Amino acid sequence: MTSSPLAGQHVLVTRPAGQAEGFRALLEAAGATVTTAPTIRLVPPSEPGALGRAAARLAEYDWIVPTSVNAVRRLAAAASEADSMGALATGRLAAVGPATADALRGVGVAECLVPPAYRGEALADEIVAATDPESLPDSRILLVQAERARPVLRERLIAAGARVDVAPAYAVEVNRDVRGALREFIELGRGDWLTFTASSAARAFVQLVGAQTGGALVAAISPVTAATLSGLGLPVHVVAATHSMPGLVDALVASAARPGRFAATHGHA
């Protein structure tokens, strides 16, 4: 049935609480049964004052780069507290993907740079390409991101000559409250897909229940997340071509539609 291409398939979503609703809605619209088990939770960073100090100086930066929807939300709150929303709205913004760009538009940012590939390496390249080479050594760039995020964006910008400040907006910790739900999903062996939209969620999953799938297929939002999963000992069956939640749903639909693909790898009819 073209209107319900994932009908009869049970999908586990590991996104944090409060952020899984859009993904869940897309999956359910495609006919899937969805279980949400957020393997991570967001907590304040170890240096909570850093973002506030950066938000008070937004006008000093040539580029403001929040690297996730969560970073946008926390940056906007800090900018509001610092009375610098005007600097945020009129600054030069860059976002790693469309969801982050949409979040920026939601707080009043009219334009922002989004790379063609939604990953830090591509974002760094686009920022460098969009900056006058002569002024790049004097450019100041603010990264607003998770504590202990991948360093590649900062490292590439520094290597290009920019001055980079990092303001941690939040930290990530394992959500041990979902261990029982994960075990049930795996041990019953009734799940068809385990989905991961961030490396941190994948690492937390393995900390909670180990590198086991209960026979479910594993789907990753990007090659970065897929590499993390493989490094943790989990098989990766699907990687989204477009690194977004709609792209991941499209990848699941395409995989399920291939004759024999689903039955051969999972044993379901």
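Above this text you will find the structure in question.
Residues numbered from 1 in each chain as written. Predicted model: local features only at pLDDT ≥ 70, side-chain atom pairs only at ≥ 80, totals over all residues. Heavy atoms only, no water.

*Asks:* How would you explain the sheet that holds strand β3 (residues 40-43) if you had to name every residue and give the values?
*Replies:* Taken together, four strands build an open sheet; the order of strands is β3-β6-β5-β4 and the sheet is mixed. Strand pairing shows two members of the sheet lacking a second neighbour, β3 and β4 (63-66), which therefore form its edges. Going from strand to strand, the sheet's axes swing by 20° on average, the running direction of each strand aside. Inspection of the sheet shows β3 paired to strand β6 (residues 163-174) by four bridges, in the antiparallel sense. (Pairing = 2+ DSSP bridges. Helix = DSSP H or I, 4+ residues; strand = E, 2+ residues; numbered from the N terminus. Axes fitted to C-alpha atoms, helices over the stretch in contact; angles between N-to-C directions.)

*Asks:* Lay out the packing of aromatic side chains with the relevant residues and their values.
*Replies:* The tally for this structure, following the rule as stated, stands at one aromatic pair. A centroid spacing of 5.3 Å and a plane angle of 85° characterise the contact between Phe 196 and Phe 205, whose relative ring orientation is edge-to-face. Classification of Phe 196 by relative accessible area gives buried; the value is 0%. Exposure remark for Phe 205: the relative accessible area of 0% places this residue in the buried category. (Phe/Tyr/Trp six-rings, centres within 6.5 Å; stacked < 30°, edge-to-face > 60°. Buried < 20%, exposed > 50% of the residue type's maximum accessible area, 1.4 Å probe, protein only.)

*Asks:* How would you explain the pattern of salt bridges if you had to name every residue and give the values?
*Replies:* Applying the stated rule across the entire model yields twelve salt bridges. Glu 47 is the salt-bridge partner of Arg 53, the closest N and O atoms lying 2.5 Å from each other. Arg 53 sits in the partly exposed class, given a relative accessible area of 45%. A salt bridge links Glu 147 to Arg 148; the shortest N-O distance between them is 3.4 Å. Relative accessible area serves as the criterion here: at 16%, Glu 147 is assigned to the buried category. Through salt bridges that share partners, Arg 57, Glu 60, Arg 140 and Asp 165 make up one connected network. (Salt bridge = Lys/Arg side-chain N within 4 Å of Asp/Glu carboxyl O.)

*Asks:* Run through the sheet that holds strand β8 (residues 217-220), naming residues and quoting values.
*Replies:* The strands that make up a sheet are held in pairs by hydrogen bonds between backbone atoms, and each pair lies either parallel or antiparallel. Strand order across the open sheet formed by five strands is β2-β1-β7-β8-β9, with parallel pairing between neighbours. Each edge of the open sheet is held by one strand with a lone partner, namely β2 (33-36) and β9 (238-239). In this structure, β8 lies alongside β9, joined through two bridges in parallel fashion. Following the sheet pairing, Ala 220 is matched in β9 by Val 239. Across the sheet, helix α1 (residues 21-29) touches β1 (10-13), β2 and β7 (193-196), and the angle it forms with β2 is around 160°. The sheet strands contacting helix α11 (residues 245-257) are β7, β8 and β9, and the helix crosses β7 at an angle near 155°. (Contact = heavy atoms within 4.5 Å.)

*Asks:* I'd like a rundown of helix α9 (residues 199-209), residues and numbers included.
*Replies:* Judged by how many residues are buried, α9 sits mostly within the fold: eight of eleven residues are covered. Buried within α9 are the following residues: Ser 199, Ala 201, Ala 202, Ala 204, Phe 205, Val 206, Leu 208 and Val 209. On its buried face, α9 sits against β1, β3, β6, α8 (179-188), β7 and α10 (223-231). Two residues or fewer after α9 comes Gly 210, characterised by a positive phi angle close to 85°.

*Asks:* Describe the nonpolar core, with residues and values.
*Replies:* Counting residues in each nonpolar core, the largest one holds 24 residues, and the members touching the most others are Leu 51, Leu 58, Ile 64, Leu 75, Leu 88, Leu 142 and Val 144. Here this core takes five residues from helix α3 (residues 69-81), the largest share from any one element. Not counting residues within four places of it along the chain, the set of residues in contact with Leu 142 comprises Ala 54, Leu 58, Tyr 61, Trp 63, Ile 64, Val 65, Asp 165 and Ala 167. Formed by 22 residues, the second largest nonpolar core is a distinct cluster that contains Leu 12, Ile 40, Val 218 and Ala 220. (Core = buried A, V, L, I, M, F, W, Y, C linked by side-chain atoms within 4.5 Å.)

*Asks:* So what's going on with α10? Which residues, and what values?
*Replies:* Three or more residues of α10 are buried, namely Val 224, Thr 225, Ala 226, Thr 228 and Leu 229. Buried positions along α10 lie against β7, α9, β8 and β9. Gly 233 lies just past α10 and shows a positive phi near 95°.

Remember that the coordinates give geometry; whether it matters functionally is a separate question.
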